[in-house]
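# Structural features, examined
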Amino acid sequence: MTSFLPTVSIIFSVVIGNNVSSFGEAIPIFDEVTVDGCLVEPASASDLPEGFELGQRRVVRVHLPKSFKHELASGFFVLSGRKFSILTSVFPLTKSPLDWDRYCVAEEVGINE
């Protein structure tokens, strides 16, 4: 049944550390991770962090396959030419019968340049 769901490959840019500029500002270091078989859906209000106002921003929920083991606490990805920033990332669900065992919620922050 799950083989009929439309999945996409997404390249996530995740923060793996920080450098410090000569002014003492933190400059994030990103690592690109390609994830095949992601399932994307619109996010519901219950998925959003407490105090987050939706407004006119597009928010999506990206389900990640069980084979993906990286942490997505901060970072971004591009989907259909739009850049999304990760708001929340859920720990893997235990004993999920589906191909996906966790998800992240992300908001659109602009057009990818």
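The following refers to the structure shown. Note that the structure is predicted; figures quoted are calculated from it, not measured.

So, how was this worked out
- Residues numbered from 1 in each chain as written.
- Predicted model: local features only at pLDDT ≥ 70, side-chain atom pairs only at ≥ 80, totals over all residues.
- Heavy atoms only, no water.
- Pairing = 2+ DSSP bridges.
- Helix = DSSP H or I, 4+ residues; strand = E, 2+ residues; numbered from the N terminus.
- Core = buried A, V, L, I, M, F, W, Y, C linked by side-chain atoms within 4.5 Å.
- Buried < 20%, exposed > 50% of the residue type's maximum accessible area, 1.4 Å probe, protein only.
- Contact = heavy atoms within 4.5 Å.

Inspection of the sheet shows strand β4 (residues 75–79) paired to strand β5 (residues 82–89) by four bridges, in the antiparallel sense. What sits directly across from Phe77, in β5, is Phe84. Connecting β4 to the antiparallel partner β5 that follows it, the hairpin turn spans two residues, and Ser80 within it adopts a positive phi of roughly 55°. As judged from the seven bridges shared by β5 and strand β6 (residues 100–111), these two strands associate in the antiparallel manner. Note that in β6 the partner of Thr88 across the bridge is Val105.

So, about the nonpolar core. When a protein is soluble and globular, its nonpolar side chains tend to lie buried together. With 17 residues, the main nonpolar core has Phe12, Val62, Leu64, Leu72 and Phe77 as its most contacted residues. Setting aside its immediate chain neighbours within four residues, Phe12 contacts Asp31, Glu32, Val33, Val35, Cys38, Val62, Leu64, Leu72, Phe76, Phe77, Ile86 and Cys104.

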